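Each chain, letter by letter, is given below.
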Amino acid sequence: MARVIRFHEIGGPEVLRIEDLDIPAPAPGEVRIRVKALGINRAEALLRSGAYIETAPLPSGLGLEAAGLVDAAGEGVDGFAPGDAVSIVPPISMVRWPAYGELINFPAEFVVRHPPALSWEAAAAVWMPYLTAYGALVDIARLGKGDFVAVTAASSSVGLAAIQIANTVGATPVAITRTSSKRQPLREAGAADVIASQEEDVEKRLKEIAGPDGLRVVFDAVAGSIFEPLTAAMSPGGILIEYGGLSPQSTPFPLAAVLGKCLTLRGYLVHEIVRDPVRLAAAKAFILDGLASAALRPVIARTFPFEQMVEAHRFLESNEQFGKIVVTV
């Protein structure tokens, strides 16, 4: 028996329950992991509340990130042995492979040996933010030296990962956050400039920072009313990659900017990297190199014990975190 977290009804954080379940031996191609830490993501809150791209069959498990020790390997699995320290790449389906538990089975292709210097908490905070940011900025936008990139929701774990990746490839990251309260922490996290969207003219500030050539890349999780000032500050031929929709406002289509500058507006989910073995292998290599060199450093907002998963989800929904929320098991 092992403790897992499931929910039997759609709702707020209070629907999460700790239950004891029998965890089977790993199936062929799977690795069983004794979990030490979990990374908490907004996608998990969306699944729990019935607003995710995947529908949960009740009762349902959840969870996309974990780190721990290999407990057993299924038939046909090579390269992993009991006792190996590993972390997991977010699966295509968290309903099929939920991570919130003391003991979990995961496909071997989504299991990664991370640098041994990482703590369990840091290892559990790696793959969702860095894969998401890498896929958008490096794989799709080909961000590189001399580029300016605007990063909205910059204090999120994905936003902070994007800032680090931009610096790694020689680009200039411009962080966009709601208020100036996070200005200094974002500068310390590597942002070249910080714009407080509720206090400043976003278009004007972006044009001042990026100069007459404008921004070639925008990495946006917000949409809504910020869409027009973002595109207005972009350079001809630029690309805006949309990976979220945090704003409750409708999103106007910036027709004049798109036509006048031949912009690309592109929707993006990390799943397109996870589904492609070649792209995933390149992403793993880039991220592991960055972790080994300390160019990439997961930022932990707050840590909760397993027994306080409800409180961890409440903190997630408060939008007060700077970095990743982690739960220790």
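Structure first, text after, so check above.
Described in the following lines is the structure provided in the data block.

Parameters and conventions
- Every residue gets a number counted from 1 within its own chain, in the order that chain's sequence is written.
- In keeping with the model being predicted, local features are shown solely for residues with a pLDDT of at least 70 and side-chain atom pairs are shown and tallied solely at 80 or more, while totals for entire chains, interfaces and linings include all residues.
- To get the side-chain values, all heavy atoms of the structure are used, and hydrogens and water are removed first.
- Strands pair, by our definition, only if DSSP identifies at least two bridges between them.
- By definition, any uninterrupted DSSP run of H or I lasting at least four residues is a helix, any uninterrupted run of E lasting at least two residues is a strand, and each is numbered from the N terminus.
- Centres within 6.5 Å are what make two rings of Phe, Tyr or Trp a pair, Trp counting through its six-membered ring; a difference in plane orientation under 30 degrees is then read as stacked, over 60 as edge-to-face, and the rest as tilted.
- Note on classification: 1.4 Å probe, protein chains only; a residue is buried when its accessible area is under 20% of the maximum for its type, exposed when over 50%, partly exposed between these limits.
- When the NZ atom of lysine or the CZ atom of arginine is within 6 Å of a ring's centre and also within 35 degrees of its normal, the charge is said to sit over that ring.
- Whenever a helix is involved, its axis is fitted only over the stretch in contact; in every case the axis is a line through C-alpha atoms, and angles between N-to-C directions fall within 0 to 180 degrees.
- A contact between two residues is defined here by any heavy atoms of the two lying within 4.5 Å.
- Buried Ala, Val, Leu, Ile, Met, Phe, Trp, Tyr and Cys residues form a nonpolar core when they are joined through side-chain atoms within 4.5 Å.
- When describing relative orientation, an angle under 35 degrees is termed roughly parallel and one over 145 degrees roughly antiparallel, while 65 to 115 degrees is termed roughly perpendicular and anything else oblique.
- Note: crossing handedness is left-handed where the near helix turns anticlockwise from the far helix by less than a right angle, and right-handed where it turns clockwise.
- Polar here means any residue outside two lists: the nonpolar Ala, Val, Leu, Ile, Met, Phe, Trp, Tyr, Cys and Pro, and the charged Asp, Glu, Lys and Arg; Gly therefore counts as polar.
- It is the directions from the helix axis to the C-beta atoms whose arc is reported.
- Each polar contact in these results corresponds to two N or O atoms within 3.5 Å; when the atoms are within protein, one needs to be able to donate a hydrogen and the other to accept it, and residues that are neighboring in sequence are counted only if both atoms are side-chain atoms.

**Some points on the sheet that holds strand E1 (residues 2-7)**
Across the sheet, three strands lie side by side as E2-E1-E4; this open sheet has antiparallel pairing. Both outer strands of the open sheet, strand E2 (16-21) and strand E4 (60-61), are each paired with one neighbouring strand and no more. Of the strand pairs in this sheet, E1 and E2 are connected by six bridges, and their pairing is antiparallel. Pairing of Arg3 across the sheet is with Asp20, part of E2.

**Details of the packing of aromatic side chains**
If you walk through the whole model with that rule in mind, you get four aromatic pairs. When the centroid spacing of 5.1 Å and the interplanar angle of 50 degrees are considered together, the rings of Tyr134 and Phe286 count as tilted. Here the residue Tyr134 occupies a position in helix H3 (residues 127-140), and Phe286 occupies one in helix H10 (residues 277-293), the gap between them amounting to 152 residues. Pairing Phe219 with Tyr243 gives two aromatic rings, centres 4.3 Å apart and planes at 20 degrees, and the pair type is stacked. Of this pair, Phe219 sits in strand E12 (residues 215-220) while Tyr243 is found in the loop between strand E13 (234-242) and helix H8 (255-261), placing the two residues 24 residues apart along the sequence. No difference in accessibility class separates Phe219 from Tyr243, as the two residues are buried. For the cation-ring pair, Arg302 lies above Phe315, with the distance from its terminal atom to the ring centre recorded as 5.2 Å.

**Considering the sheet that holds strand E14 (residues 264-267)**
The sheet built from six strands is open, its strands ordered E11-E10-E9-E12-E13-E14 with parallel pairing. In this open sheet, the two edge strands, each paired with only one partner strand, are strand E11 (193-196) and E14. Between one strand and the next, the sheet's axes are offset by a mean angle of 20 degrees, whatever the strand orientation. Where E12 and E13 come together, five bridges link them in parallel fashion. In the sheet register, Val218 faces E13, and the bridge partner there is Leu240. The sheet strands contacting helix H4 (residues 157-168) are strand E9 (148-151), strand E10 (172-177) and E12, and the helix crosses E10 at an angle near 165 degrees. Along the sheet face, helix H6 (residues 202-210) touches E9, E10, E11 and E12 and points at about 170 degrees away from the line of E11.

**A look at the pairing of strand E6 (residues 85-88)**
Strand direction decides the pairing type here: strand E5 (residues 65-73) and E6, joined by three bridges, are antiparallel. Among the inter-strand pairings, Ala67 is bridged to a residue of E6, identified as Ser87. As judged from the three bridges shared by E6 and strand E8 (residues 111-113), these two strands associate in the antiparallel manner. Looking at E8, one finds that Ser87 is bridged to Val112.

**Some words on the nonpolar core**
In this structure, Leu38, Leu131, Phe219, Ile287 and Met309 are the most contacted members of the largest nonpolar core, which totals 96 residues. The element that contributes the greatest number of residues to this core is H3, accounting for 10 residues. Among residues more than four places away in sequence, those in contact with Met309 are Ile5, Leu16, Leu38, Ile40, Tyr100 and Val327. If you look at the next biggest cluster of nonpolar residues, it comprises 18 residues, including Val202, Leu206, Met234 and Leu240.

**Thoughts on the pairing of E1**
Consecutive side chains of a regular strand alternate in pointing toward one face of the sheet and then the other. Of all six residues in E1, five are buried; the element is thus mostly enclosed. Here E1 pairs with E4 via two bridges, running antiparallel. Pairing of Arg6 across the sheet is with Gly61, part of E4.

**Description of the packing of H3 against H4**
It is at 8 Å that the axes of H3 and H4 come closest, and there the two elements cross at 50 degrees. When the axis of H3 is compared with that of H4, the two are oblique. In the crossing of H3 with H4, the sense of the turn from one axis to the other is right-handed. Contacts between H3 and H4 pair Pro129, Tyr130, Thr132, Ala133, Tyr134, Leu137 and Val138 from the former with Ser157, Val158, Ala161, Ala162, Gln164 and Ile165 from the latter. Split by residue class, the contact of H3 with H4 holds 10 nonpolar, three polar and no charged.

**Digging into H6**
All of the buried residues along H6 are Val202, Arg205, Leu206, Ile209 and Ala210. Relative to the axis of H6, the buried residues are bounded by an arc of 115 degrees and lie together on one face. Summarising the contacts, the buried residues of H6 are in contact with E9, E10, E11, E12 and helix H7 (227-232). The N-capping residue of H6, defined by a side-chain oxygen 3.2 Å from the backbone nitrogen of Glu203, is Asp201. In the stretch just after H6, Gly211 is the one whose phi turns positive, near 80 degrees.

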